[in-house]
Amino acid sequence: MRSSKVAIRYANSLLETAIENQNLDSVAADMQLVASTLGSNPLLAKVLMNPVIKSEKKISILKEIFESRIGKDSMNFLVFVVNKSRENLLREILLKFLRLRDDHLGIIKVNVTTAFEFSDEQQSLLREKLEAVLNKKIEFIFSVNPEIIGGFVAQVDDVVFDASLKHQLELIKKQFLSGSPSLN
């Protein structure tokens with residue numbers, strides 16, 4: 001629990017600084033790159049978490065990897081985190097920052113699973129409907145799973161909108177098995 005509070009404090013600080021400096025979009029893109037790199041490279045994450053490796057070496061490694069790929073403010077933040085001996089929380093801090101940024105901008109990520117690739121028109125219609133329901137801007141993360149037969153399943157945090165044909169068929173099956181006279 002303590003690490004989460006620390007991560008939120010650092011993430012809030014980064015958000016406030018990025019807003020003040022009017023570079024929220026570029027900092028968010030930088031932090032997304034760093035977070036995904038840490039997530040996909042367990043060796044780098046282990047190096048950063050290793051207490052035997054000195055801070056100077058960790059900073060050198062981070063600069064070697066990211067200095068030419070991210071902005072100066074973003075690099076300074078990474079160095080700051082390492083200098084404060086919080087590098088073990090770096091990925092958590094970055095993920096919390098990205099979540100806080102989305103909250104600040106009124107954006108919500110929606111995972112959508114479809115039976116087939118949605119057309120631009122279908123995506124636009126779904127975006128319109130979900131934005132009306134959720135009262136936020138939508139960022140979709142699409143995946144395809146032919147097992148749902150048709151329709152879609154949209155997940156927003158812990159809420160699932162299951163409009164799949166497979167789900168509808170399961171509901172009908174349950175109604176038949178329970179002997180329910182109504183199919184509404």
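Residues numbered from 1 in each chain as written. Predicted model: local features only at pLDDT ≥ 70, side-chain atom pairs only at ≥ 80, totals over all residues. Heavy atoms only, no water.

**Student:** Describe unusual backbone geometry, naming the residues involved and giving the relevant values.
**Tutor:** Generally, phi is negative for residues other than glycine and the peptide bonds are trans, each holding for most cases. For serine 85, which is not glycine, the phi torsion reads 60° and is therefore positive. Looking at where serine 85 falls in the secondary structure, it is placed in the loop between α5 (72-83) and α6 (90-105). Note on serine 85: relative accessible area 48%, which makes it partly exposed. (Helix = DSSP H or I, 4+ residues; strand = E, 2+ residues; numbered from the N terminus. Buried < 20%, exposed > 50% of the residue type's maximum accessible area, 1.4 Å probe, protein only.)

**Student:** Lay out the packing of aromatic side chains with the relevant residues and their values.
**Tutor:** A full pass over the atoms with the stated rule returns five aromatic pairs. Here phenylalanine 116 and phenylalanine 118 contribute two aromatic rings whose centre-to-centre distance is 6.2 Å and whose plane-to-plane angle is 45°, an arrangement assigned as tilted. Seen from their ring centres, phenylalanine 140 and phenylalanine 142 are 5.0 Å apart, and the 50° between their planes marks the pair as tilted. Taking the relative accessible area as the measure of exposure, phenylalanine 140 reaches 15% and is therefore buried. Taking relative accessible area as the criterion, phenylalanine 142 reaches 28% and is therefore assigned partly exposed. (Phe/Tyr/Trp six-rings, centres within 6.5 Å; stacked < 30°, edge-to-face > 60°.)

**Student:** Please give an account of the packing of helix α4 (residues 55-66) against α5 that cites residues and values.
**Tutor:** At a minimum axis distance of 10 Å, the contact between α4 and α5 shows a crossing angle of 160°. Comparing the axis directions of α4 and α5 gives the class roughly antiparallel. In the crossing of α4 with α5, the sense of the turn from one axis to the other is right-handed. For the pair α4 and α5, contact is made by Ser55, Lys58, Ile59, Leu62, Lys63 and Phe66 and by Met75, Leu78, Val79, Val82 and Asn83, respectively. (Axes fitted to C-alpha atoms, helices over the stretch in contact; angles between N-to-C directions. Parallel < 35°, antiparallel > 145°, perpendicular 65-115°, else oblique. Left-handed = near helix turned anticlockwise from the far one by under 90°. Contact = heavy atoms within 4.5 Å.)

**Student:** Requested: an account of the pattern of salt bridges, with residues and values cited.
**Tutor:** Any two side chains of opposite charge can pair, on the condition that their charged atoms come close. One pass over the full model with this rule turns up five salt bridges. For aspartate 102, the salt bridge goes to lysine 109, with nearest N and O atoms at 3.1 Å. Using a relative accessible area of 5% as the deciding quantity, one classes aspartate 102 as buried. Taking the relative accessible area as the measure of exposure, lysine 109 reaches 34% and is therefore partly exposed. A salt bridge links lysine 109 to glutamate 139, with the shortest nitrogen-to-oxygen separation between them at 2.8 Å. Of this pair, lysine 109 sits in strand β1 (residues 107-114) while glutamate 139 sits in strand β2 (residues 137-144), and the two are 30 residues apart along the sequence. Its relative accessible area of 31% is what places glutamate 139 among the partly exposed residues. (Salt bridge = Lys/Arg side-chain N within 4 Å of Asp/Glu carboxyl O.)

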